[in-house]
Amino acid sequence: MTEPIQEKKAVSQSIDFYKIFKVFLSRWYWIAGTVAIALCGAWLYLWYTPPVYQTSASLKLEESNPTLGTTAQMPMQNYNYTDKIQAESFTIRSNEVIMNALRKLDYKISYFLKGYALTTELYPKVPFVIEIIRQDSVNFDRTLYTVKAVDDQHFSLHPAQNEDIKNTYQYGQVIKLGNMEFKVKTKIPAGGTYQFKFNGLEDFIGRAMGGLNIGEAARFTNVMSLSQTDGNAVFAADILNAIMQEYVKYDVIQRRRSARQTVDFINNQLGFINTEAGKSGNTLANYKTQNKMVDMGSATSMTVGKLADFEKQKTELNIKLLGIKQLEEQINNNRSKVEIGVDLEGELSTGLGALVTQLNTLLANREVKLNQFNADSQPVKQIEQQIANVKSGIRSSIQAMRRNNEQTIRYIDNQIAGVNQSMSTIPVKEQNFVKLQTNFEVNNKVRSFLSEKKLEAEMNAAAIVPGVSIVNPAYPSYFSISPNSGKAYSTAIMLGLAAGFGLILLVRFLNPYIYDKETVEGLTHTPIIGVIRKFPDFIDQDSRQALSLAKPKSVFAESVRSVRTNLSFLASHKQSKIICVTSEISGEGKSFVTVNLASTLALIEKKVILVAADLRKSKLHKAFGHNNKSGLSSILSGQATLEEVLINDQMHHIDFIPSGPVPPNPSELLHTAAMKDLLKKLEQQYDYVLVDTAPVGLVSDAIPLIRSSDVNLFVIRSGVSQQRAAAIPERLSREYGLNNMAIVLNAFGDDALYSNYYTTDYSRGGGNSTYYYSDYSGYSGSGYYDDENRKWWMFWKKK
């Protein structure tokens, strides 16, 4: 009768960091291999990746531009240099600046030297001279050609991607290829394979703009930092210097545009005034001759002087009104940059000048935002609102200037009308003379005023200097920034280590099998009575080696004895014990464990019988060297008696009952009373009755034997049994009310890769603390076992 089941407490387990270390140490060669592969990959990457060089330079933005006029200097502004540098970067990257910079370089033909791994651009070196005779300006062949010297007079030429089209030419011979006519004038150096290709100006725009980077040299400074990256160090320096020079030139041209516009306007006005002055002078001279007038009185002269001064002031105001209208048109036309004419610079208030500067900054920022966001995005809408607010302020200031100018013109018109009215008292002949004289003097004064303004504008244009200056030019740097060998190798080592550790973790994560006792203890409350080490030699299919217990001083033999010792604690109240051995599936070593236990029990002079109760697929008879023509199935079916099928192995002192022929109803036979009677009979004759049953995970044949046994051993094989197997003993105990289940871990090895990183703490209680057992790992070099695997550093110890 089975005893009531006692609830077992789960064993306490804690993380063992040394075991974690051993997990990775056990596969150190995986980590070393992945690191070696990563380093090889880094070496190949460095070998086949062309180097990239970087050169740098700097520009200084000026705050203001000097002018010669006393009133023609812009008021000083507090610039936001970050925004200004960002705005000017678009000017530097403009197609006009880049194209003009490229025109300074020798871009029409590129030469290359082909190596084993890389093809190197030879710029600025010219290994051989090619003269272009005729070339279409747009549609010409940009194929990469390979040339190689044949002898002193000939060379071979073919497209780099097609060696089948290979032709031989003489030096100086005209070659017609792809809308091109050219000839090779000088000899191609021997001992190397050279390549060349023809280029257009547009072929280098992407190269120049792609490697150009612009930013602040430091915060809150007016110094702009420029850098150029390229596969050719000299080209990077040359194109960066050319871009900076063209940008300085472009800036001067833009700054002189206002002065040129003023000069052009004054020239147009001067042409008209010169004509009018000539006409008025001729008319005055003719009038004086005809009327025999020599001179005017002093009062009349003063009137003429006043009238001339008023007319001159009115002309000046009209010119300034024109400048106001031009500024207003720029604001209304939504230009990307607002420019103030020279004639207005002195008239602008500090507030309006600041607003214009702020507007130009916002317009530049809008260009930046439009490159990053859509036109309908929130950042763009915000900056559009800011631009609208600033323009509203500028329009208000312009309207105030216009009203002031128009009021002054109306005042002068009133003064002119008053002077004209005072002239009504003068005789008619003198009035006509005064009018002619006034017209002549006004034209002369306006012509003099315009001439002064023209000279002033021309001097201002000549005095304008660039708003930017080159602080540091670019020089070739032959230290590559990419690929970085140190970074490549360090990254490879890190990736190799990560791959190695990741591979170990992946193998463990994907592993569904049980390997050590800690894993079993963490999955079930069923006690483990022993761990059988992996058999030291090859095991044939008959398992005959197990009977002889080869190497009795081996670790394997000692682990079997440990299980034998712990068996005495199970059903200790009984003199004779029926022990049922089963497992989840076949191949987990239950028959092997049964034979080993029988052998060790026989060695201590116990009377042992082994029953092959797997009526479907038993192989135990092969271990004893007997056939399976009769056996347990014959007894249960009444075809034979116990004495007729019993086999006595005199050499090992073990009695054995084979399974016999496979019956059509194996499960039913094991459930019969005949099986129970047989076990009772054997129990009376033997100290231990070992019953080898069918796997419980596949068939239910073993259930009646398990319920009738004193001890049930469930075999779990390291590396073969999956983790679900550990739950089967506990389920059987719960379903059939058993408390005699125990687990034997079979074929345990020292592979730390799959070991559990938890350590069981028996001092804190748990169902497995009843039995003492060891997995015999870590005892190498102790001297107690014949099959010790001594470490290489223990070479001084004798075996």
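Please refer to the structure placed before this passage.
Within any chain, residue numbers begin from 1 and follow the written order of that chain's sequence. It should be noted that, the model being predicted, local features are given only for residues of pLDDT at least 70 and side-chain atom pairs only at 80 or more, the latter also being counted only at that level, while totals for whole chains, interfaces and linings use all residues. Excluding hydrogens and water, the side-chain figures rest on all heavy atoms present in the structure.

S.K.: I'd love a proper account of a nonpolar patch on the surface, names of residues and values included.
M.R.: Like-charged residues are merged into a patch within 9 Å and nonpolar side chains (Val, Leu, Ile, Met, Phe, Trp, Tyr) within 5 Å, provided each residue has over 30% relative accessible area and no salt bridge. In this description, accessible areas are obtained by the Shrake-Rupley approach with a 1.4 Å probe, and a residue is regarded as covered only by the protein chains that are shown. Just to be clear on terms, a salt bridge is a Lys or Arg side-chain nitrogen sitting within 4 Å of an Asp or Glu carboxyl oxygen. Judged by side-chain polarity, Tyr18, Phe21, Leu25, Trp28 and Tyr29 come together as a nonpolar surface patch covering roughly 610 Å² of accessible area. Per the convention used, a helix needs a DSSP run of H or I reaching at least four residues, while a strand needs a run of E reaching at least two, with both numbered from the N terminus. The set of elements that each furnish at least two residues to the nonpolar patch consists of helix H1 (17-26) and helix H2 (28-48). The element that contributes the greatest number of residues to the nonpolar patch is H1, accounting for 3 residues. By secondary structure assignment, the location of Tyr29 is in helix H2. Partly exposed describes any residue whose relative accessible area lies between the buried limit of under 20% and the exposed limit of over 50%, with all areas from a 1.4 Å probe on protein chains only and scaled to the type maximum. For Tyr29, a relative accessible area of 42% translates into the label partly exposed.

S.K.: Could you give an account of the sheet that holds strand S5 (residues 130-135), with specific residues and numbers?
M.R.: Strand order in the open sheet formed by 3 strands is S5-S10-S9, with antiparallel pairing between adjacent strands. The two strands at the open ends of the sheet, each matched to only one other strand, are S5 and strand S9 (175-176). Pairing between strands is defined by DSSP: at least two bridges between the two strands are required. Here S5 runs beside strand S10 (residues 180-184); their pairing, made up of 5 bridges, is antiparallel. For Ile130, the partnering residue across the bridge sits in S10 and is Val184.

S.K.: Can you break down the sheet that holds strand S7 (residues 154-159) residue by residue, with the values?
M.R.: Taken together, 6 strands build an open sheet; the order of strands is S4-S3-S11-S6-S7-S8 and the sheet is antiparallel. Only two strands of the sheet have a single partner each, and these edge strands are strand S4 (119-121) and strand S8 (167-170). Between one strand and the next, the sheet's axes are offset by a mean angle of 30 degrees, whatever the strand orientation. One ladder, built from 3 bridges, connects strand S6 (residues 145-149) with strand S11 (residues 193-198); its direction is antiparallel. Residue pairing for S11: Tyr145 is matched across the bridge by Phe196. Angular values range over 0 to 180 degrees, each being the angle between N-to-C directions of two axes fitted as lines to C-alpha atoms, with helices fitted over their stretch in contact.

S.K.: Help me get a handle on helix H23 (residues 728-736), residues and values and all.
M.R.: Listing the buried residues of H23 in full gives Ile728, Pro729, Leu732 and Ser733. Down the axis of H23, the buried set is contained in an arc of 140 degrees. They therefore lie on one face. Whether two residues are in contact is decided by their heavy atoms: any pair within 4.5 Å suffices. Buried residues along H23 sit in contact with helix H22 (703-708), strand S21 (711-717) and strand S22 (741-748). Taken from the residues just after H23, Gly737 is the one with a positive phi, measuring 65 degrees. For this quantity, the arc is that covered by the directions from the helix axis to the C-beta atoms.

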